[in-house]
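Residue-level structure breakdown
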Amino acid sequence: GAVVSQHPSRVICKSGTSVKIECRSLDFQATTMFWYRQFPKQSLMLMATSNEGSKATYEQGVEKDKFLINHASLTLSTLTVTSAHPEDSSFYICSARSVNYGYTFGSGTRLTVV
Amino acid sequence: AQSVTQLGSHVSVSEGALVLLRCNYSSSVPPYLFWYVQYPNQGLQLLLKYTTGATLVKGINGFEAEFKKSETSFHLTKPSAHMSDAAEYFCAVIFPNTGNQFYFGTGTSLTVIP
């Protein structure tokens with residue numbers, strides 16, 4: 001089946017630094033990537049949608065300058081949390097959409113900003 | 001307005017008992033319906049989905065769900081709970097003409113009592 005590799009699974013960073021999270025579709029091409037954020041014991045909230053080679057579309061209330069999304073190829077999308085602060089600590093999950101496999105979720109990244 | 005609702009944020013069942021997790025949606029047009037399971041600090045795993053066709057859908061790990069248009073429901077069931085079923089379960093929908101965006105329910109935490 002389709003697999004989306006998301007790295008890192010856990011990251012701890014200092015306040016003010018930037019963190020990059022990668023999502024890579026293995027053996028298939030993802031026409032669209034979705035990025036979600038999940039606070040403890042809450043549901044997933046869509047942050048942004050990106051299509052390969054295009055600028056990401058951000059949901060209302062999501063700062064595009066803080067959460068930089070790059071979808072440079074059909075197999076790789078990255079989310080960079082810039083100038084991270086403790087309130088950015090969360091669980092981030094990507095999802096790749098493809099014609100053949102539908103939606104496939106990554107395993108998530110636990111970000112802790114100290 | 002379109003929405004998805006999971007009744008019961010926490011459900012406890014005894015091992016071997018029936019599992020019933022409820023999901024209702026609000027939409028004038030039937031959406032695509034999904035159930036996902038999430039284990040601690042992991043991504044989402046698809047249990048089953050309904051798009052068209054047979055309204056009773058069988059998924060992995062012995063789970064099944066039935067789409068009932070008249071009740072706008074897509075409840076998840078399993079005849080006999082196993083300890084390994086303890087996890088967070090999310091109902092998700094894609095409403096037609098919304099750009100293939102997932103809308104997640106708030107989740108139900110399932111506890112299995114030995």
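The present account deals with the structure reproduced in this document. Everything numeric here is computed off the predicted structure, so don't read it as measured data.

**Considerations on the packing of aromatic side chains**
All names here are of chain B.
- Summed over the entire model, instances satisfying the criterion amount to 19 aromatic pairs over all chains.
- Seen from their ring centres, Tyr-50 and Phe-67 are 4.6 Å apart, and the 25° between their planes marks the pair as stacked. Of the two residues, Tyr-50 is situated in strand β5 (residues 44-50) and Phe-67 in strand β7 (residues 64-68); the sequence distance between them amounts to 17 residues.
- Overall, the relative accessible area of 8% leaves Tyr-50 in the buried class.
- You can call Phe-67 buried: its relative accessible area is 7%.

**With respect to the pattern of salt bridges**
- Summed over the entire model, instances satisfying the criterion amount to four salt bridges over all chains.
- We note a salt bridge from Glu64(B) to Lys58(B), for which the minimum N-O separation is 2.8 Å.

**Here we look at the interface of chain B and chain A**
- Between chain B and chain A, the residue contacts involve 14 residues of the former and 18 residues of the latter.
- Buried area between chain B and chain A, both sides added, is near 1,300 Å², and the carbon and sulfur share of it is 54%.
- At the boundary of chain B with chain A, the tally comes to zero salt bridges.
- The interface formed by chain B and chain A includes three residue pairs in polar contact (both at pLDDT 80 or more).
- For the side of chain B that touches chain A, the secondary-structure elements that each account for two or more residues are β4 (32-38), β9 (87-94) and β10 (102-104) of chain B.
- Class assignment of the residues belonging to the side of chain B that touches chain A gives a composition of six nonpolar, eight polar and no charged.

**Quick notes on the state of the cysteines**
Residue and element names in this part refer to chain A.
- The final tally for this structure, using the stated rule, is two disulfides over all chains.
- Covalent S-S linkage joins Cys-23 and Cys-94, the inter-sulfur distance amounting to 1.6 Å. Its S-S torsion of about -85° marks the bond between Cys-23 and Cys-94 as left-handed, since a negative value means left-handed. Placement of Cys-23 in strand β3 (residues 19-26) and of Cys-94 in strand β9 (residues 90-98) is noted, with a sequence separation of 71 residues between them.

**Side note on the side chain of Ser90(A)**
Residue and element names in this part refer to chain A.
- Here Ser-90 lies in strand β9.
- Reaching out from Ser-90, the side chain makes a polar contact with the backbone oxygen of Gln-38 at a distance of 2.9 Å.
- Those residues in contact with Ser-90 that lie beyond four places of it in its chain are Arg-37, Gln-38, Phe-39, Thr-109, Arg-110 and Leu-111.

**Thoughts on the environment of Thr108(B)**
Residues and elements named next belong to chain B.
- Its location among the elements puts Thr-108 in strand β11 (residues 108-113).
- For the pair formed by Thr-108 and Phe-90, sequence separation is 18 residues and the distance between their alpha carbons is 6.5 Å.
- The residues touching Thr-108, leaving out its near neighbours within four places in the chain, are Gln-6, Leu-7, Gly-8, Ser-9, His-10, Val-11, Leu-21, Ala-87, Glu-88 and Tyr-89.
- Within the structure, the side chain of Thr-108 is placed 3.2 Å from the side chain of Gln-6, a separation counted as a polar contact.

**Overview of the side chain of His71(A)**
All names here are of chain A.
- Considering the arrangement of structural elements, one finds His-71 in strand β7 (residues 67-73).
- For His-71, the side chain forms a polar contact with the side chain of Ser-50, separated by 3.0 Å.
- From its side chain, His-71 meets the backbone nitrogen of Glu-52 in a polar contact 3.4 Å long.
- Setting aside residues up to four positions removed in sequence, His-71 forms contacts with Ala-30, Thr-31, Thr-32, Met-33, Ser-50, Asn-51, Glu-52, Gly-53, Leu-76 and Ser-77.

What counts and how
Each chain has its residues counted from 1, running along the sequence as written. Each chain takes a letter, starting from A, and each ligand takes a number, starting from 1, following the order in which they are written. With the structure being a predicted model, the display of local features is reserved for residues of pLDDT at least 70 and the display and counting of side-chain atom pairs for 80 or more, all residues being used for whole-chain, interface and lining totals. As a convention, hydrogens and water are excluded, and side-chain values are obtained from all of the structure's heavy atoms. Aromatic contacts are taken between Phe, Tyr and Trp rings whose centres are within 6.5 Å, Trp giving its six-membered ring; a plane angle under 30 degrees counts as stacked, one over 60 as edge-to-face, and the others as tilted. Counting from the N terminus, the helices are the DSSP runs of H or I reaching at least four residues and the strands are the DSSP runs of E reaching at least two. Note on classification: 1.4 Å probe, protein chains only; a residue is buried when its accessible area is under 20% of the maximum for its type, exposed when over 50%, partly exposed between these limits. Just to be clear on terms, a salt bridge is a Lys or Arg side-chain nitrogen sitting within 4 Å of an Asp or Glu carboxyl oxygen. Note on definitions: a residue-residue contact is assigned when non-hydrogen atoms from the two residues lie within 4.5 Å. The quantity reported as buried area is the accessible area (1.4 Å probe) lost by two parts once they are put together, taken as the sum for both. Counting of polar contacts relies on pairs of N or O atoms within 3.5 Å, with two restrictions inside protein: one atom must be capable of donating a hydrogen and the other of accepting it, and residues adjacent in sequence are counted only when both atoms are side-chain atoms. Under the grouping applied here, Gly and all other residues not named as nonpolar or charged are polar, the nonpolar ones being Ala, Val, Leu, Ile, Met, Phe, Trp, Tyr, Cys and Pro and the charged ones Asp, Glu, Lys and Arg. Criterion for a disulfide: a pair of cysteine sulfur atoms within 2.5 Å.

Purely spatial values, then, with no claim about function.
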